[in-house]
Amino acid sequence: MAALGWLTPRRRSATARSVLAGEASAEAARKSSQELEELAHEAAPEGTEPEFPVVGDDKAAAFFDLDNTVMQGAALFHFGRGLYKRKFFETRDLYRFAWQQAWFRLAGVEDPEHMQDARDSALSIVKGHRVSELMSIGEEIYDEYMAERIWPGTRALAEAHLDAGQKVWLVTAAPVEIATVIARRLGLTGALGTVAESVDGVYTGKLVGEPLHGPAKAEAVRALAAAEGLDLGRCAAYSDSHNDIPMLSLVGHPYAINPDAKLRKHARKLDWRLRDYRTGRKAAKVGIPAAAGVGAVAGGTAAAIALHRRRR
């Protein structure tokens, strides 16, 4: 495990490249959200206002990590599978993607070295291709590999915020184009993701700043909140990984979803709310509307059963 994954939030300060990556991602997210805004849900009906999220609070928003929080596995791996099917790269590259995904599922945590290798591979594969081409392919890949891997429980949490009239953003190290496709399909506001450099709509094979991981995620959320006029103390954030403690620590309502061991320990110490959809077992109450809560638990159970069947 690379050193980055073991550091505490106080020691993991943002670098200039983290700030650049965060600001670039926030700008890309705001642009994409303009196209998605019409899909935002209306506020919850009168008389059903929950304690949290607060209906009509336009200073609040929710930020969701993607991999293993909203979706089982890594988005970049599933995207790689789709590109392989379309002959973007060779079999040996697919094996490398498969090994990275197997590590992610077995270890249950994000390994920065594996993630960096996956992103480097992806950048080399898309270099020279048009952004519009990858966006179009991303729509197809979502239907083929990602749609069935969305955690119903986490989706219910996101919809609770949308029903309260709040904006909901994905925050992920995956390319912003992939994240935007997923956000649109889920009816979310938009996505913060790693920004790949493009010139005249063609990928150069380089990143703007660094991958949106760890401190860079926090910087992206901070930049977006400033641009949108949000009060972070009234916002919520959701993640499975201790690598996202900097992002979770920014908001007034942090949630540990399907947490790895380090995040679970940290969340319990600080009395953060917990939910785990991997086994369907009952987790701590998180103060969402009753209907969403029931749907979340049922969704987690259904997902666990489906996963168990596939493993048999």
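Residues numbered from 1 in each chain as written. Predicted model: local features only at pLDDT ≥ 70, side-chain atom pairs only at ≥ 80, totals over all residues. Heavy atoms only, no water.

## So, the packing of helix α5 (residues 131-146) against helix α7 (residues 176-185)
Axis angle and axis distance: for two packed helices, these are the angle between their axes and the distance between the axes, and together they describe the pair.
Okay, step 1: Axis separation between α5 and α7 bottoms out at 9 Å; the angle between their running directions is 50°. When the axis of α5 is compared with that of α7, the two are oblique. Every pair of crossing elements has a handedness; the one defined by α5 and α7 is right-handed. For the pair formed by α5 and α7, the contact residues are Val131, Met135, Gly138, Glu139, Tyr142, Asp143 and Met146 on the first element and Glu177, Ile178, Thr180, Val181, Ile182, Arg184 and Arg185 on the second.
Okay, step 2: Taken together, the residues of the contact of α5 with α7 sort by class into 7 nonpolar, 2 polar and 5 charged. (Axes fitted to C-alpha atoms, helices over the stretch in contact; angles between N-to-C directions. Helix = DSSP H or I, 4+ residues; strand = E, 2+ residues; numbered from the N terminus. Parallel < 35°, antiparallel > 145°, perpendicular 65-115°, else oblique. Left-handed = near helix turned anticlockwise from the far one by under 90°. Contact = heavy atoms within 4.5 Å. Nonpolar A, V, L, I, M, F, W, Y, C, P; charged D, E, K, R; others polar.)

## Comments concerning the pattern of salt bridges
Okay, step 1: Within this structure, the stated rule accounts for 16 salt bridges.
Okay, step 2: The partner of Arg234 in a salt bridge is Asp57, with the nearest N and O atoms 2.7 Å apart. Placement of Arg234 in the loop between α8 (215-228) and β6 (236-239) and of Asp57 in the loop between α1 (16-36) and β1 (61-65) is noted, with a sequence separation of 177 residues between them.
Okay, step 3: Using a relative accessible area of 13% as the deciding quantity, one classes Asp57 as buried.
Okay, step 4: Between Arg278 and Asp276 there is a salt bridge, and its shortest N-O distance comes to 2.6 Å.
Okay, step 5: A cluster of three or more residues bridged by salt bridges with shared partners is formed by Lys85, Arg86, Glu140 and Glu144. (Salt bridge = Lys/Arg side-chain N within 4 Å of Asp/Glu carboxyl O. Buried < 20%, exposed > 50% of the residue type's maximum accessible area, 1.4 Å probe, protein only.)

## With respect to the sheet that holds β6
Okay, step 1: The strand order β3-β2-β1-β6-β7-β8 describes an open sheet built from 6 strands, whose pairing is parallel. Each having just a single partner strand, β3 (190-194) and β8 (273-275) make up the two edges of the open sheet. Each neighbouring strand pair of the sheet contributes to a mean axis angle of 20°, computed without reference to strand direction.
Okay, step 2: Examined bridge by bridge, β1 and β6 share 3 bridges and lie parallel to one another. When the sheet's bridge partners are listed, Ala62 is paired in β6 with Ala236.
Okay, step 3: This element, α7, spans β2 (167-175) and β3 of the sheet and lies at about 145° to β2.
Okay, step 4: Sheet strands touched by helix α10 (residues 261-270): β6, β7 (253-257) and β8. Its angle to β8, the strand with the most contacts, is close to 145°. (Pairing = 2+ DSSP bridges.)

## Points about the nonpolar core
Okay, step 1: In this structure, Phe64, Leu83, Met146, Leu170, Ile182, Leu188 and Tyr238 are the most contacted members of the largest nonpolar core, which totals 45 residues.
Okay, step 2: In this structure Met146 touches Met71, Ala75, His78, Phe79, Ile141, Ile178 and Ile182, once residues within four positions along its chain are discounted.
Okay, step 3: With 29 residues, the next largest nonpolar core counts Ala26, Ala61, Phe63 and Leu274 among its residues. (Core = buried A, V, L, I, M, F, W, Y, C linked by side-chain atoms within 4.5 Å.)

## Some details on the packing of aromatic side chains
Two measures describe an aromatic ring pair: the distance that separates the ring centres and the angle between the ring planes.
Okay, step 1: Throughout the structure, instances matching the rule amount to 3 aromatic pairs.
Okay, step 2: With centroids separated by 4.1 Å and ring planes inclined at 5°, the aromatic side chains of Phe64 and Tyr238 adopt a geometry described as stacked. You can see Phe64 sitting in strand β1 and its partner Tyr238 sitting in strand β6, a full 174 residues away along the chain.
Okay, step 3: Here Tyr238 falls in the buried class, since its relative accessible area comes to 0%.
Okay, step 4: Each ring, one from Tyr238 and one from Tyr255, has its centre 4.4 Å from the other, and the planes form 20°; the classification is stacked. Of this pair, Tyr238 sits in strand β6 while Tyr255 sits in strand β7, placing them 17 residues apart in sequence. No difference in accessibility class separates Tyr238 from Tyr255, as the two residues are buried.
Okay, step 5: Through a chain of ring-to-ring contacts, three or more aromatic side chains come together here, namely Phe52, Phe64, Tyr238 and Tyr255. (Phe/Tyr/Trp six-rings, centres within 6.5 Å; stacked < 30°, edge-to-face > 60°.)

## Re the side chain of Glu177
Okay, step 1: Within the secondary structure, Glu177 sits in helix α7.
Okay, step 2: Here the side chain of Glu177 touches Tyr203 through a polar contact of 3.2 Å, side chain to side chain.
Okay, step 3: The residues touching Glu177, leaving out its near neighbours within four places in the chain, are Val131, Met135 and Tyr203. (Polar contact = N/O pair within 3.5 Å; in protein donor to acceptor, adjacent residues only side chain to side chain.)

## Here we look at the environment of Asp260
Okay, step 1: Inspection of the secondary structure puts Asp260 in the loop between β7 and α10.
Okay, step 2: Of the residues examined, Asp260 reaches a relative accessible area of 4% and is grouped as buried.
Okay, step 3: For Asp260 and Ser239, which are 21 residues apart along the polypeptide, the C-alpha to C-alpha distance reads 9.6 Å.

## Some remarks on the environment of Pro259
Okay, step 1: Assignment of secondary structure puts Pro259 in the loop between β7 and α10.
Okay, step 2: Note on Pro259: relative accessible area 4%, which makes it buried.
Okay, step 3: When the C-alpha positions of Pro259 and Tyr277 are compared, they lie 9.8 Å apart, and in sequence the two are 18 residues distant.
Okay, step 4: Not counting residues up to four positions away in its chain, the partners in contact with Pro259 are Asp240, Arg264, Leu274, Arg275, Asp276 and Arg278.

## A short note on the environment of Ala173
Okay, step 1: Its place among the elements puts Ala173 in strand β2.
Okay, step 2: Here Ala173 falls in the buried class, since its relative accessible area comes to 8%.
Okay, step 3: On a C-alpha basis, the gap between Ala173 and Asp65 in space is 8.8 Å, while along the polypeptide they are 108 residues apart.

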